[in-house]
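If you want the building blocks of each chain, they are given just below.
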Amino acid sequence: MKPLHEIIRKPLVTEKANELSAAGNVVAFEVSRTANKIEIKQAIEQAFDVKVKTVNTMQFRGKIKRVGYNLGQRSNWKKAYVTLEEGHKIDFFGV
Amino acid sequence: MNVSVEELSQIRKKLVIEIAADKVSEMIEDAYKKIAKTASLKGFRKGKIPRALLERHFEPRMQHDVTGALINETLYKALMDEKIDAVSQPQVVDSGALTGGEAFTYQVEVEVKPQVVAKDYTGIALEREAYQLEAASVEKRLEEMAESRAQLEVTSRKKAREGDTVILDFTGYLEGAPFENGAATDYQLELGSGSFIPGFEEQVVGLKREDEKDIELTFPENYGAKELAGKPVVFKVLIKEIKEKVQPKLNDDFAKEFDAETLVELKERVGADILKQESARIDNQVQEQLMNALVERNPMDVPEGMIENQLKNLKQSFSGRLQAQGMTLEMLGMNDEVFAQSYRPMAEQQVKGELILESIGELEKIEVADGDIDKKIEEIAAESNAPLNTVQDYFKKPEMREGLEYQVQHDKILAFLIAKAEVSEVEPKADDAEEKES
């Protein structure tokens, strides 16, 4: 398996992620495009010491951006919504 | 709101102000609501940041806002309630942490006017210069007036002397070629004024009208134009005219120029002016002695804020006077720091003096009556040659009247003190006092 930090890129802190975590104990991450759900599940469990119930992933195409005359494309990426088992929690900011 | 006051010294007080817990919570709530409207955080639309995140990210801002607002709201009220007259900006020395549901306490130090009770202010030994108007000083003043009216006239002498003004053409040559800005025609040059390069004027002395001469000299090493500094040059000079200063004769015609009928009248007037100036100067000296003695006899601490204020006033009047002469403080190499350093003792002295006088005014119940002010207004009108009612109108404004009242009271107190003092007449201290004045 790849190192953990290559699979889990970063947590996503957005309005939607915030809503989901409040409603159903879900946390959102940006993850490696090549990682599959099983790898993600293992990585999360290992990194945050929690039990994962399910993983939903989705691919995003990078937005096309223009700077003056030049067109460019941001990298494609993958997002994972990870539902945790009841009683488990991840605190991103580590209070 | 709970306030307790502690006296640190004669001039410093410490206030401990406590604000009730529910007021604090309310303020924090309001602050977050306000922040929520404008704060922006990546991943969230404006105004949609959940409260938990808001508290995590914007706590310092909330602390700052709420502390500032609370202090603003309570400090001045506290000062008013406790009847503390702060002479400078109060300093917040310690403010506790702000937590919802808990009381907030902060401490402030303020400078206050010291309570001064003047003592030993009678029987001060003062020296007053005895002044006698002398004919010589009138003559000297007339001489100065004549000089200021001196006019240039074509002289009958042949050769130019030091002090004459010559009209000349000149062209300067550097290594045989004329150089930039080195030539002029009909140039008016006062010999001995030192306005030209050193050596030039000296060599013009002794030349006659229509004379031509090559003046050879070397530019000084520190001359402004680099390419000329330290270089030997030749000036071809043609003298066109020689003029000398002619002072008007001291006679009745001269007197008429100064709005006097005769020379005798002018002399009288000049004498009266000198006498007035001198007695004003002597009065000032006596007052100064008095103030110094008072300050010495009444040692006290004065708040920094009052000294700073006085310094500011001094600086303003000083630069005002300079400006009237077309100068600025910067031209004298002064900046705030230098000024503060050199005038600080003076400012401190003045503040102390004012406080002492104020206290004497209270102790002796020296008050200003309307009659005093009317008299003063009449004096001012007479002095400035302005119609009485204009001056009266000018002092109808409350702030002007207040200033005048203050001044009149000040004068009265000083007069009272001088009357109570032991004044002895002394011989004027040689001539240097007069020199300084002019």
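For the structure, check the block above.
Computed from a predicted structure; not experimentally measured.

Caption draft 1: Representation of the overall build of chain B in the model. Looking only at helices and strands, one finds 13 helices and eleven strands in chain B. The buried share among the 438 residues of chain B stands at 32%. A fraction of 69% describes how many contacts in chain B between residues 6 or more apart in sequence connect residues 24 or more apart.

Caption draft 2: Expanded view of the sheet that holds strand β1 (residues 2–7) of chain B. Residue and element names in this part refer to chain B. Taken in spatial order, the four strands of this open sheet run β1-β2-β4-β3, and their pairing is antiparallel. Every other strand in the sheet has two partners, leaving β1 and β3 (91–95) as the edge strands with one partner each. Neighbouring strand axes in the sheet, compared pairwise and without regard to direction, differ in orientation by 20 degrees on average. The sheet contacts of helix α3 (residues 59–81) involve β1, β2 (12–19), β3 and β4 (104–111), and relative to β4 the element is tilted by about 50 degrees.

Caption draft 3: Structural context of the interface of chain A and chain B. Contact with chain A, which involves seven residues of that partner, is made by nine residues of chain B. Interface of chain A and chain B: buried area, both sides summed, is about 630 Å²; carbon and sulfur atoms make up 56% of it. Taken together, the connections running from chain A to chain B amount to one salt bridge. Note that E15 of chain A is salt-bridged to R45 of chain B, the shortest N-O span being 2.7 Å. Applying the counting rule to chain A against chain B returns two residue pairs in polar contact (both at pLDDT 80 or more). Across the side of chain A that touches chain B, the residue classes break down as three nonpolar, two polar and two charged.

Caption draft 4: Local environment of a negative patch on the surface. Residues and elements named next belong to chain B. A grouping of D252, D253, E261, E265 and E268 is seen on the molecular surface, where their side chains present a negatively charged patch. For the negative patch, the secondary structure elements donating two or more residues are α6 (252–257) and α7 (263–297). Counting through the fold element by element, E268 comes out in helix α7.

Caption draft 5: Structural detail: the sheet that holds strand β1 (residues 8–11) of chain A. All names here are of chain A. Ordered by their spatial adjacency, four strands build an open sheet running β1-β2-β6-β3, and the pairing between neighbours is antiparallel. For this open sheet the edge positions go to β1 and β3 (52–60), each flanked by a neighbour on one side alone. Taking the axes of each pair of neighbouring strands and ignoring which way they run, one obtains an average angle of 30 degrees across the sheet. By the bridge criterion, three bridges tie β1 to strand β2 (residues 26–31) in an arrangement that is antiparallel. Its bridge partner lying in β2, I8 is registered against V31. Lying over the sheet, helix α2 (residues 15–24) contacts β2 and β6 (77–84), oriented at roughly 140 degrees with respect to β2. Its contacts with the sheet put helix α3 (residues 37–48) on β1, β2, β3 and β6, and the angle it makes with β3 is roughly 125 degrees.

Caption draft 6: Just the side chain of K78 of chain A, in detail. Residue and element names in this part refer to chain A. Along the chain, the position of K78 falls in strand β6. Although K78 is buried, it makes no salt bridge; E39 carries the closest opposite charge, 7.3 Å away. There is a polar contact of 2.6 Å between the side chain of K78 and the backbone oxygen of A35.

Caption draft 7: The pairing of strand β10 (residues 232–246) of chain B, seen in detail. Residues and elements named next belong to chain B. Bridge count for strand β6 (residues 151–154) against β10 is four bridges, and the pairing is antiparallel. Of the residues in β10, the one forming a bridge with E153 is E244. Judged from the nine bridges that link them, strand β7 (residues 165–174) and β10 form a sheet pairing that is antiparallel. Bridge pairing in β10 links L168 to I239.

Caption draft 8: Structural view of the packing of aromatic side chains. All names here are of chain B. All told, the structure shown has seven aromatic pairs over all chains when counted by the stated rule. Considering the side-chain rings of F170 and F235, the 5.8 Å spacing of their centres and the 75 degrees angle between planes classify their relative orientation as edge-to-face. Taken together, the residues F170 in strand β7 and F235 in strand β10 connect sequence positions 65 residues apart. Since its relative accessible area comes to 3%, F235 is described here as buried.

Caption draft 9: Up close: a positive patch on the surface. Positive charge collects at one region of the surface, where K63, K65 and R74 of chain A together with K42 of chain B lie side by side. Along the polypeptide, K42 of chain B turns up in the loop between α1 (21–38) and α2 (51–57). Taking the relative accessible area as the measure of exposure, K42 of chain B reaches 79% and is therefore exposed.

Caption draft 10: Up close: the pattern of salt bridges. Residues and elements named next belong to chain B. For the structure on display, the rule yields 16 salt bridges over all chains. Of the charged contacts, one joins R51 and E55 as a salt bridge, the two residues approaching to 2.8 Å between their closest N and O atoms. On the criterion of helical spacing, the pair formed by R51 and E55 is a turn pair, its members being four residues apart in helix α2. What makes R51 partly exposed here is its relative accessible area of 33%. Note that K352 and E348 form a salt bridge whose closest N and O atoms lie 3.5 Å from each other. Taken together, the residues K352 and E348, both in helix α9 (residues 336–363) and four residues apart, mark about one turn of the helix. For E348, a relative accessible area of 24% puts it in the partly exposed group. Counted as one network, the salt bridges with shared partners bring together R12, E109 and E111.

Cut-offs and rules
Residues numbered from 1 in each chain as written. Chains lettered and ligands numbered in written order. Predicted model: local features only at pLDDT ≥ 70, side-chain atom pairs only at ≥ 80, totals over all residues. Heavy atoms only, no water. Helix = DSSP H or I, 4+ residues; strand = E, 2+ residues; numbered from the N terminus. Buried < 20%, exposed > 50% of the residue type's maximum accessible area, 1.4 Å probe, protein only. Contact = heavy atoms within 4.5 Å. Pairing = 2+ DSSP bridges. Axes fitted to C-alpha atoms, helices over the stretch in contact; angles between N-to-C directions. Buried area = accessible area lost by both parts, 1.4 Å probe. Salt bridge = Lys/Arg side-chain N within 4 Å of Asp/Glu carboxyl O. Polar contact = N/O pair within 3.5 Å; in protein donor to acceptor, adjacent residues only side chain to side chain. Nonpolar A, V, L, I, M, F, W, Y, C, P; charged D, E, K, R; others polar. Patch = residues over 30% accessible without salt bridge, like charges linked within 9 Å, V, L, I, M, F, W, Y side chains within 5 Å. Areas by Shrake-Rupley, 256 points an atom, 1.4 Å probe, with all protein chains shown as cover. Lys, Arg positive; Asp, Glu negative; His and termini not counted. Charge placed at Lys NZ, Arg CZ, Asp CG, Glu CD. Phe/Tyr/Trp six-rings, centres within 6.5 Å; stacked < 30°, edge-to-face > 60°.

Honestly, that's just the spatial picture; any functional story needs more than this.
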